[in-house]
Amino acid sequence: MLTIQELHMPNELYEKHATIYRDQDVSPRACIFYFHGGGLLYGMRTDLPSKHIQLLTEAGYIIAAFDYPLAPAVKLDQIIEDVCCSVNTFEKNMESYLGCHLPYILWGRSSGAYLSLLAAAKGKLEKAPAGILSYYGYGFLCDHWFETPSQYYGSLPAIDASCMENCGKSIHAEGSLDTHYMFYVYARQTGTWKNLIYEGRDKFFYLNNTLRTCSKLPCPLFCAHSTDDPDVPYSEFLELCNRFSPTRFIAASEEHDFDRDEDSPVTATLLKKTLAFLDKIIPLSV
């Protein structure tokens, strides 16, 4: 039986929560720490498709989906600090939160995968994860795509700069498609995305907020990407593979978040491969 628990997380800057998904009829094997996508400008922790939740929890994986603050109210340094704090706090207090202490896996989709990869690479996690699941993630490894106008987003109706007046100054962790997606579209249409999520010298962006200086991760990696991703270029996936030799899943698709179609055979295969990867890194005896 699937249970959903809302957990208040300690934070002085904003109202922060985690959502815990667990099948009470299954002995837990590990906890997956999940971070949502949305280009750091929109999205929310509860965006996981129900099929993903069902299959993973039935296989013995507890999912803890975390809030993190959204740009441009905060910038990258503060976002990644918040993510590392979530991981360290939950891992340290897992016994009190879940009633048991388990290995943990980082999982992110799109920008959530970027945050998971960067958190592991920066060495600020008190205990290394057992593995990382990157669904169409990136590390800003290839030049230009994130700071020049996007051809795909340029094909959508133009968003006026005045939209940014509504993005809000207060720190917040949830941004729905209806209210916040336009900020990301505007950022990608105008090539101003990096300026909205990062403030500082380019030198320190590349040193501290990309994977360009990282040659090794502390754990095994699973990477999934579509060949014709219109949002995060396939070249980012290839660079991740060249650096970290992950277990790969490649979808012949023109969709960025191709797994949002829960009834697609591609999604079914992706989840099957994901579980196979997890079975390799999490012993059954745990």
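Overview of the structure. (Residues numbered from 1 in each chain as written. Predicted model: local features only at pLDDT ≥ 70, side-chain atom pairs only at ≥ 80, totals over all residues. Heavy atoms only, no water.)

Focus: the overall build of the protein chain
- Within the protein chain one finds ten helices and eight strands.
- Over its C-alpha trace the protein chain gives a radius of gyration of 18 Å, about what one expects of a compact globule, namely 19 Å for 286 residues.
- For the C-alpha atoms alone, the extent of the protein chain along its principal axes is close to 55 × 45 × 35 Å.
- Counting all 286 residues of the protein chain, 55% fall into the buried class. (Helix = DSSP H or I, 4+ residues; strand = E, 2+ residues; numbered from the N terminus. Rg over C-alpha atoms; globule rule 2.2 N^0.38 Å. Buried < 20%, exposed > 50% of the residue type's maximum accessible area, 1.4 Å probe, protein only.)

Re the environment of Phe204
- Along the chain, the position of Phe204 falls in helix 8 (residues 202-208).
- With a relative accessible area of 33%, Phe204 lands in the partly exposed category.
- In the structure, Phe204 is positioned 65 residues away from Gly139 in sequence and 14 Å away in space, judged by C-alpha atoms.
- Every residue in contact with Phe204, bar those within four places of it in the chain, is listed here: Tyr198 and Asn209. (Contact = heavy atoms within 4.5 Å.)

Section: the pattern of salt bridges
- Summed over all chains, the structure comprises 15 salt bridges.
- Here Asp82 makes a salt bridge to Lys16, at a shortest N to O gap of 3.2 Å. Of this pair, Asp82 sits in helix 2 (residues 76-92) while Lys16 sits in strand 2 (residues 16-23), and the two are 66 residues apart along the sequence.
- When its relative accessible area of 7% is taken as the criterion, Asp82 is described as buried. (Salt bridge = Lys/Arg side-chain N within 4 Å of Asp/Glu carboxyl O.)

Examining the side chain of Ser110
- Of note, Ser110 is situated in the loop between strand 5 (104-109) and helix 4 (111-121).
- Judged by its relative accessible area of 9%, Ser110 is buried.
- In terms of polar contacts, Ser110 uses its side chain to reach the side chain of His256, at 2.8 Å.
- Aside from chain neighbours lying at most four places away, what touches Ser110 is Gly37, Tyr135, Tyr136, Gly137, Tyr138 and His256. (Polar contact = N/O pair within 3.5 Å; in protein donor to acceptor, adjacent residues only side chain to side chain.)

What to know about the packing of aromatic side chains
- Applying the stated rule across the entire model yields 33 aromatic pairs.
- Measuring from centroid to centroid gives 5.8 Å for Tyr136 and Phe258, while their planes differ by 65 degrees, and the two rings are edge-to-face. A residue pair is termed long-range when its members are at least 10 positions apart, and Tyr136 in the loop between strand 6 (131-135) and helix 5 (151-154) and Phe258 in the loop between strand 8 (247-251) and helix 10 (265-281) qualify at 122 residues. There is no split in this pair, since Tyr136 and Phe258 are both buried.
- A cation over an aromatic ring shows up here: Lys194 above the ring of Phe205, its NZ or CZ 5.1 Å from the ring centre. (Phe/Tyr/Trp six-rings, centres within 6.5 Å; stacked < 30°, edge-to-face > 60°. Lys NZ or Arg CZ within 6 Å of the ring centre and 35° of its normal.)

Considering the side chain of Asp259
- Mapping Asp259 onto the fold places it in the loop between strand 8 and helix 10.
- Discounting residues that sit within four places of it in the chain, Asp259 has contacts with Pro49, His52, Arg109, Tyr135, Tyr136, Thr267 and Leu270.

Limitation: the analysis is restricted to geometry and does not speak to function.
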